[in-house]
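# Results of the structural survey
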Amino acid sequence: MSSIRKYKPTDKMSHLITRNYSLISAMSRFGLPLGFGEKSVQDFCKEKGVDCNTFLAVVNFIEQEQYGSEYDPNEGTISVESLVNYLKQAHSFFLDFCLPNIRTRLCQALDQEPEKNDVTESILMFYDKYVEEVRRHMEYENKYVFKYVEQLIEKKKTGSYTIKCFAEKHDHIEQKLRELKNIIIKYYPQNSCNNLLNATLFDILNCEQDLDLHCKLEDQLFTPAVVKLETEVSK
């Protein structure tokens with residue numbers, strides 16, 4: 001556990017990405033482009049108007065989750081506003097790019113099969129139901145949870161709703177994607193190697209892991225930060 005590296009403001013941005021390629025997604029959700037040269041994390045974040053502490057909190061959370069370490073939500077100061085914007089961009093990535101792209105590739109892979117059967121015909125139906133579930137989940141957060149937090153930031157009255165209401169009902173939406181992955185791995189009747197399907201399965205595996213990290217971040221980083229904000233606003 002102690003060997004897990006904690007990224008610092010003075011680290012070069014390029015070192016983060018070469019050490020852990022999955023942090024590219026975190027960068028894009030903060031609106032940080034590539035082409036950072038030899039700039040440090042703090043200099044590049046300042047240049048692009050991104051809260052450096054929040055960015056580091058997210059990338060360190062991702063790093064520690066991937067390597068089996070426990071994240072301390074009290075580490076550093078987090079901008080809740082910056083974190084909400086990050087989560088909104090993550091939702092847009094899943095709903096507008098990642099999941100539709102997987103469906104397109106899945107359709108192409110299934111079209112390569114010469115014979116259709118119960119498994120192949122049910123895969124797309126299963127997938128579409130799953131995407132609709134994800135859309136409902138994320139649109140609820142966009143419409144109600146994030147709006148509530150934005151009102152907190154502006155110190156407006158929010159009624160009886162608290163982030164505890166969200167936390168108690170927050171489910172992890174990657175479960176059905178895991179089920180789809182298992183259906184393909186265990187029961188898909190391939191008579192020959194379908195490279196496109198294998199590539200799509202790889203995309204599904206990556207998406208499953210990304211969604212799992214996303215939900216954990218909402219539970220372990222976002223929720224405690226909002227609880228702290230609620231306390232500050234209620235004083």
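Quick note: structure is the one above.
Residues numbered from 1 in each chain as written. Predicted model: local features only at pLDDT ≥ 70, side-chain atom pairs only at ≥ 80, totals over all residues. Heavy atoms only, no water.

### Side note on the nonpolar core
Of all hydrophobic cores here, the largest spans 42 residues; its most connected members are M13, L32, F55, V58, Y86 and F222. Of all elements in the fold, only α1 (13-19), α2 (23-29), α3 (41-48), α4 (52-66), α5 (80-111), α6 (118-153), α7 (163-169) and α9 (195-234) reach the threshold of two or more residues within this core. No other element matches the eight residues that α4 contributes to this core. Ignoring sequence-local partners within four residues, the contact set of L32 consists of M13, M27, F44, C45, K48, V50 and F55. Core analysis: the next-biggest nonpolar cluster, separate from the first, contains 27 residues, A109, Y130, V131 and M138 among them. (Core = buried A, V, L, I, M, F, W, Y, C linked by side-chain atoms within 4.5 Å. Buried < 20%, exposed > 50% of the residue type's maximum accessible area, 1.4 Å probe, protein only. Helix = DSSP H or I, 4+ residues; strand = E, 2+ residues; numbered from the N terminus. Contact = heavy atoms within 4.5 Å.)

### Examining the side chain of E218
With respect to the helices, strands and loops of the structure, E218 is situated in helix α9. As a buried residue without a salt bridge, E218 has its nearest oppositely charged side chain in R29, at a separation of 9.9 Å. Ignoring sequence-local partners within four residues, the contact set of E218 consists of L87, H91, H137, E141, F146, F166, H170 and T223. (Lys, Arg positive; Asp, Glu negative; His and termini not counted. Salt bridge = Lys/Arg side-chain N within 4 Å of Asp/Glu carboxyl O.)

### Brief notes about the state of the cysteines
If you walk through the whole model with that rule in mind, you get zero disulfides. Free of any disulfide, C207 has its nearest cysteine sulfur in C98, 3.5 Å distant. (Disulfide = S-S within 2.5 Å.)

### Describing the packing of aromatic side chains
For the structure on display, the rule yields nine aromatic pairs. Between the aromatic rings of F166 and F222, the centroid separation amounts to 6.3 Å while the plane-to-plane angle is 80°, which identifies the pairing as edge-to-face. With a gap of 56 residues between them, F166 in helix α7 and F222 in helix α9 connect regions that are remote in the sequence. Both residues of the pair, F166 and F222, belong to the buried class. Within the aromatic cluster, the residues linked to one another by ring pairs are F30, F55 and Y86. (Phe/Tyr/Trp six-rings, centres within 6.5 Å; stacked < 30°, edge-to-face > 60°.)

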